[in-house]
Amino acid sequence: MHISEGVLSPTVLACGYALTAAGTYLGLRRTDYSRLVTTAVLASVFFVASLVHVPLGPGSVHLVLNGLLGLFLGWAAFPALLIALLLQAVFFRYGGLAVLGINTFDMAFPAVLCHYCFRSWLGKAGVVRIAGAFCCGAVSVAGAAVCTALALAFANEGFVTSARILLVAHLPIMLLEGCIVALMVSYIAKNKPELLHFTQ
Amino acid sequence: MSSTAMHQTDPRALLLVAGGAAFCLSCLQSLVVSGTGLALAAIFACVCAPDWRSLLKRLLLANLFVLFIWLTVPWTMPGTDILIIGPVHFSREGLLLAMGVTLKCNAILLIFLTLTADMGLLQMGCALQKLHMPVKLVFLLLFTYRYIHVIAEEWKKLQTAAALRGFMMQTSFHTYKTIGNMLGLTVINSITRSHRIYEAMLLRGFSGDFYLTTELKARRRDIIFVSSCFFVLACLLCADLYVTCCHV
Amino acid sequence: MSDSPLLSLNNISFGYTGSPLLFDGLDFTLTEGEQTGIHAPNGSGKTTLLRLAMGLEKAQSGTVLFQGSPVDSAQALHHLRCTVGFVLQNSDEQLFSSTVLEDVAFGPLNLGLKPQEARDRALETLESIGMAALAERPIHQLSGGEKKLVSIATVLSMRPKALLLDEPTTFLDEKSRGRIIRLLQEMGIGRVIVSHDRDFLRQTTVSLVTIKDGRIAPCSL
C-alpha cells in the first residue's frame, strides 16, 4: 500500500505534505494531552497490528486498520498515522521521508471520512453496529487504495495501469478488513461497550 | 566521515540532509543524473554505513514496490515498442520510467538508511523539536515508540496463549474471529492503559507542558556537513535541469 | 518529623458505579514520617484507597485533606501530587518516556526545574539507588526488577515528603524484591505500602492496617 521513494512527482509529494500538514494541524488542535496519550497508544496498536499476517487463500496479507483508528480518533488519525508511518520508515524502511506526506494522507483521509460516516452506527445494537464496523473497515481500505492509485496516476501517466492493478488487488483485502473490524467491534461491544459511544 | 563520526553528528543535521536528499532526488528526471545520484549515495553508504549486510537487506525489502513497478509499467505504458514477447509490448518509455524509479528510490533509501542507522528515537524527537516541529507531535512520536514494545509483547503473549491451545492460522472464520477477538482485547487494554498512563503523568505534576532534557549542540563540522551535502544536491538538480533542457 | 497529618481521608464513602459501596465512613491518616502497610484481601479496595488519596477517584462523600487543607481545586491537587509520590503497580504505566533518565527527570521538570537541573537531579537520584549505569537505557530494555526500581526513582527525584506504593513486589524475583526492601529500609521517608506480601511489609513498615467492612482496621505485623 505504501508508495516507496522515487516514484511520485515533486508536485504530488508537495500536495501530500500540504494536505497532511493541514489534517495534522486539525488533529492536534482538537486533541489535549489526555487524548494524545490515547492517540499514541492506539498508533502503537496500529503499528503492531500492521505486522500481523492474516491468512487469505494461498497467501497472507497485512491488515491496514486505518478505519479503526479513524473510528476512535477522528482527526487525530492524521498525526497518529503520520507518526506510525514515520516509525515504519525508520524501523522497517517501509515508505520514506519524501513520500511520508502522501502515504499519510492516503490512509488518514479515508479514516477520518469513516469516522464521520460510521461512528454513529457503532452506538446502535445488533446488525447496524456490525454493518457499520464492516463498512468502516472495508471503505477505509478502499479509500486508501483509491487515494494511492490517484497519487500514482497524477504523478505520471505511465502509472495509470499500475494504479488500476493496485485497486483490484485490494478488493479481497477490503473484504477481509471489513470482517476483521466487524469482529473486533463485536468483541469490544460485548466487553467494553462504553468505548463505542463516541463523544467527539 | 566514518560511522562513528555519523553517530557524533547533530541529529538535526542528519535529518535535514535525509529530508533534503529525499526531496531533491525525487525531483530528478534524467536517468544519467539519477544514476550519478545513486553512485554518490552508494559511496556515502560505503564510507559511513555501520553495517553493509543489514543495509542491503533493508534495501531489498524496500524495493518490493519498485518490483511492482517493474512488473506493471514497462508493458502497460504507451510508447515506442522496444521488445515484443507474444501479445506483450514493452515500451521504451515504460522501461525508462521503471529504471528512473529504481535509481532514485535506491539512492534516497541508501542515504536515509545511512544517516538514520545509529539515530535513537529520543535523539530524533529532540532534533524534530529543535527543528520547530509541534511539541505535541514530538510527544506523540516518543510515546508511540515507547508503547510499541509493550503492545508487541502483549500481542505475542496472546498469540502464545492461543497456540498453546492448538490454534493455527488458516483461511477460516474461526481464525478471523480469533484474530478479531485478540485485536479487540488489545484495543480495549490499550485504551484503558492510556488513561492510566495519563494519570501517571498527572501524578508527577504534569500540567500541560512537555519538555525534553536532552540538549543538542550544533558544531562547525555539522554546519559544514549540511552545507556540503546541500551543495552536492544543488549541483545534481542543476545538472538535471541542464540535461532535461538540452533534450527538450 | 512532625505529628501533623500530611494526608487524611475523613469519613469517606465510595463505590464504583453499579457496585456496592467499597468504603463506608472510612478514616485514614498519614503523618509525616509514618510508615504504614495495608494488607487486605483482593477486592477490598487497597488500590482504590490510594487512588482516592491522590485524587484519581472522587468519593461520594467525605473529604481528603492535604496538610490540613481540603484537596478541592486543581492547584491543591497539583501541590499534593508534587509532594506525595505514588508508585503504581504496573511499571509500564508509570514509565512512559524513551529513556530512564528522561523518565526520572519528568517529575523535576514539572516542578519547574530547568532541563539541565532536572537532568542533574535525575542522575543524582539514579546514583542514590545504584542505577546510574542505566540512565541512557531505553525503558523497554529493562528487566521487571529494574523497571520497578526506576519507577521508584521517578518519584524520588521529586523529593516527596511521603511515598504511596501499590504492590511494589508484584512479578519480582527474590533478588529484585531484596533490592527494593534494602532501598526502602535506607530511606527514612514516610510511606503507605499496599501489599499481599506480609513479610515485605514487616521489613519495610512500622505499623500495619487492613480494610474490613469498608473501613480501616488494625492488624498485627
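In the block above lies the structure referred to throughout.
Residues numbered from 1 in each chain as written. Chains lettered and ligands numbered in written order. Predicted model: local features only at pLDDT ≥ 70, side-chain atom pairs only at ≥ 80, totals over all residues. Heavy atoms only, no water.

### A closer look at the overall build of chain B
No. 1: Secondary structure assignment for chain B yields 10 helices and 2 strands.
No. 2: From first element to last, N terminus to C terminus, chain B shows the α and β order α-α-α-α-α-β-β-α-α-α-α-α.
No. 3: Against the 2.2 N^0.38 benchmark of 18 Å for 248 residues, chain B shows a C-alpha radius of gyration of 24 Å, more extended than a compact globule.
No. 4: The dimensions of chain B, computed from C-alpha atoms along their principal axes, are 65 × 60 × 30 Å.
No. 5: Taking all 248 residues of chain B together, 50% fall into the buried category.
No. 6: For chain B, long-range pairs separated by at least 24 residues make up 74% of all intrachain contacts whose partners lie at least 6 apart in sequence. (Helix = DSSP H or I, 4+ residues; strand = E, 2+ residues; numbered from the N terminus. Rg over C-alpha atoms; globule rule 2.2 N^0.38 Å. Buried < 20%, exposed > 50% of the residue type's maximum accessible area, 1.4 Å probe, protein only. Contact = heavy atoms within 4.5 Å.)

### Some words on the interface of chain A and chain B
No. 1: Contact residues are listed per partner, giving 69 residues for chain A and 70 residues for chain B.
No. 2: The contact between chain A and chain B buries some 6,200 Å² in all, and 81% of this surface belongs to carbon and sulfur atoms.
No. 3: For the chain A face of the interface with chain B, the top three residues by lost area are Y33, R93 and Y187 of chain A, together amounting to 13%.
No. 4: The interface formed by chain A and chain B holds 0 salt bridges in total.
No. 5: Scanning the region where chain A abuts chain B turns up 7 residue pairs in polar contact (both at pLDDT 80 or more).
No. 6: Only helix 1 (10–29), helix 2 (33–49), strand 1 (53–56), helix 3 (66–73), helix 4 (77–92), helix 7 (160–169) and helix 8 (171–191) of chain A provide two or more residues apiece to the side of chain A that touches chain B.
No. 7: For the side of chain A that touches chain B, the element with the most residues is helix 2 of chain A, which contributes 15 residues. (Buried area = accessible area lost by both parts, 1.4 Å probe. Salt bridge = Lys/Arg side-chain N within 4 Å of Asp/Glu carboxyl O. Polar contact = N/O pair within 3.5 Å; in protein donor to acceptor, adjacent residues only side chain to side chain.)

### Let's talk about the pairing of strand 7 (residues 162–166) of chain C
Residues and elements named next belong to chain C.
No. 1: Of all the 5 residues making up strand 7, 5 are buried; the element is thus mostly covered by neighbouring parts of the structure.
No. 2: Both strand 6 (residues 84–87) and strand 7 contribute to a ladder of 4 bridges, which runs parallel. If you follow V84 over to strand 7, its bridge partner there is A162.
No. 3: Relative to strand 8 (residues 190–194), strand 7 runs parallel, the two sharing 5 bridges. Looking at strand 8, one finds that D166 is bridged to V194. (Pairing = 2+ DSSP bridges.)

### Focus on the environment of F231 of chain B
No. 1: By the secondary structure assignment, F231 of chain B is in helix 10 (residues 220–247).
No. 2: Overall, F231 of chain B belongs to the exposed group, its relative accessible area being 57%.

### A short note on helix 3 of chain A
No. 1: For helix 3 of chain A, the buried fraction is high: 8 of the 8 residues fall into the buried class.
No. 2: Of all the residues in helix 3 of chain A, the buried ones are N66, G67, L68, L69, G70, L71, F72 and L73 of chain A.
No. 3: On its buried face, helix 3 of chain A sits against helix 2, helix 4, helix 5 (100–122), helix 6 (127–155) and helix 8 of chain A together with helix 9 (173–203) of chain B.
No. 4: Immediately beyond the C-terminal end of helix 3 of chain A, within one or two residues, lies G74 of chain A, with a positive phi of roughly 65°.

### A look at the packing of aromatic side chains
No. 1: Per the counting criterion, the structure on display carries 18 aromatic pairs over all chains.
No. 2: Summarising the aromatic geometry, the rings of F91 of chain A and Y145 of chain B are spaced 5.5 Å apart at their centres and angled 20° between planes, so their arrangement reads as stacked. With F91 of chain A in helix 4 and Y145 of chain B in helix 8 (residues 135–163), this residue pair bridges two chains.
No. 3: Take F91 of chain A: its relative accessible area is 25%, and that puts it in the partly exposed class.
No. 4: Look at Y145 of chain B and you get buried, because its relative accessible area is 12%.
No. 5: Relative to F96 of chain C, the ring of F143 of chain B has its centre 5.5 Å away and its plane inclined at 20°; by these criteria the two rings are stacked. Taken as a pair, F143 of chain B in helix 8 and F96 of chain C in the loop between helix 3 (91–94) and helix 4 (100–110) lie in two separate chains rather than in one. Neither residue differs from the other here; F143 of chain B and F96 of chain C are each classed as buried.
No. 6: Just above the ring of Y33 of chain A sits the side chain of K136 of chain B; from NZ or CZ to the centre is 5.9 Å.
No. 7: Note that R146 of chain B overlies the ring of Y147 of chain B, its terminal NZ or CZ placed 5.0 Å from the centroid. (Phe/Tyr/Trp six-rings, centres within 6.5 Å; stacked < 30°, edge-to-face > 60°. Lys NZ or Arg CZ within 6 Å of the ring centre and 35° of its normal.)

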